[in-house]
Amino acid sequence: MELGEILYGIISEYGEQRILSDIIQGESTEIIKSIFEQCISNIEKNGEMGPDTRVTAAEGLSHYLLTMAMIPSKRKTTFQSVEIDIAVPDTITLGTSPQDVILISFPKTNDINVIKSQIENMKKIQPNQDNIWIVLEEDMKLGAKTYTLSRDITFANMVNDLISFTAGKKQSKLKIFKI
């Protein structure tokens, strides 16, 4: 069974309305952590765990949550020759108001030099270091906000942090929920 099938099977079990309701009620951390852990557990049971599986699962879950919560984003794109996994809200805003954009990276490696190189490239287009977020298996001191996928799974806080970041923006395209 593929990672996507496992992830979306678990999401179906929870139900979109329940997930959305939990996010609205401020309980997104618990539900995201639960979905993520259940997904990883199922992948491990199937013996399909690779070196980047946890990061790939987190990225897939992030794409789903952004879509479901209607948080505007541009995914898997290139801006000024820099590869971007996710830009919230988009790369157009990145060009005009970088302070209003979060760049999220899901490095598929644990090589600190490769990750640092990716961050340096992102700093060329996003001068505000606080607006560069990295999702990693384990915490590394990188000069960027890091969400981890082991132990306390700080990745589960990312949706709440995106909601907080976008809530104060005057741009109408930063509508958060589809309710």
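Counting restarts for each chain: residues are numbered from 1 in the order of the written sequence. Where totals are concerned, whole chains, interfaces and linings use all residues; where local detail is concerned, this predicted model gives features only for residues with pLDDT of at least 70, and gives and counts side-chain atom pairs only at 80 or more. To obtain the side-chain values, all non-hydrogen atoms of the structure were used and water was disregarded.

J.: How would you explain the pairing of strand 3 (residues 102–105) if you had to name every residue and give the values?
T.: The rule is simple: take the accessible area with a 1.4 Å probe, protein chains only, and divide by the maximum for that residue type; under 20% is buried, over 50% is exposed, in between is partly exposed. Note on conventions: DSSP H or I runs of at least 4 residues are helices, E runs of at least 2 residues are strands, and numbering of each starts at the N terminus. Side-chain alternation along strand 3 places Ile102 and Ile104 on one buried face and Leu103 and Ser105 on a second face that is also buried. Both strand 3 and strand 4 (residues 132–136) contribute to a ladder of three bridges, which runs parallel. Across the sheet, residue Ile104 finds its bridge partner in strand 4, namely Trp133. The path from the first strand over the helix to the second decides the hand: if it runs clockwise while the strands point away from the viewer, the crossover is right-handed. For the handedness criterion, the β-α-β arrangement of strand 3, helix 6 (residues 112–125) and strand 4 is classed as right-handed. Strands are treated as partners if at least two bridges between them are detected by DSSP.

J.: Can you tell me about the confidence of the model for the protein chain, naming the residues and giving the values?
T.: pLDDT expresses, on a scale from 0 to 100, how confident the predictor is about each individual residue. Predicted confidence across the protein chain gives a mean pLDDT of 89, with 93% of residues reaching 70 or more. Note on residues 172–179: pLDDT is under 50 here. Beyond four places in sequence and across chains, it has 27 contacts. Contacts are assigned to residue pairs that have any heavy atoms within 4.5 Å of one another.

J.: Run through the packing of aromatic side chains, naming residues and quoting values.
T.: Stacked, edge-to-face and tilted are the three classes for Phe, Tyr and Trp ring pairs, Trp counted by its six-membered ring, which pair at centre distances within 6.5 Å; planes under 30 degrees apart are stacked, over 60 edge-to-face, the rest tilted. A full pass over the atoms with the stated rule returns three aromatic pairs. Judged by centre distance (5.8 Å) and plane angle (55°), the rings of Phe36 and Phe155 are tilted. Taken together, the residues Phe36 in helix 3 (residues 28–45) and Phe155 in the loop between strand 5 (145–148) and helix 7 (158–167) connect sequence positions 119 residues apart. Taking relative accessible area as the criterion, Phe36 reaches 1% and is therefore assigned buried. Among the residues examined, Phe155 registers a relative accessible area of 2% and is labelled buried.

J.: Mind laying out the pattern of salt bridges, listing which residues take part and the relevant values?
T.: Salt bridge, as used here, is a side-chain nitrogen of Lys or Arg placed within 4 Å of a carboxyl oxygen of Asp or Glu. Under the defined criterion, the tally for this structure stands at eight salt bridges. One salt bridge in this structure joins Glu137 and Arg54, with 2.8 Å as the shortest N-O distance. Taken together, the residues span a long stretch of sequence, with Glu137 in the loop between strand 4 and strand 5 and Arg54 in helix 4 (residues 53–68) at a distance of 83 residues. Across the pair, exposure class does not vary: Glu137 and Arg54 are buried alike. Linking Arg151 and Glu138 is a salt bridge whose minimum nitrogen-to-oxygen distance equals 3.0 Å. A residue pair is termed long-range when its members are at least 10 positions apart, and Arg151 in the loop between strand 5 and helix 7 and Glu138 in the loop between strand 4 and strand 5 qualify at 13 residues. Among the residues examined, Glu138 registers a relative accessible area of 33% and is labelled partly exposed. Each of Glu59, Lys76, Asp85 and Lys108 takes part in a single network of salt bridges with overlapping partners.

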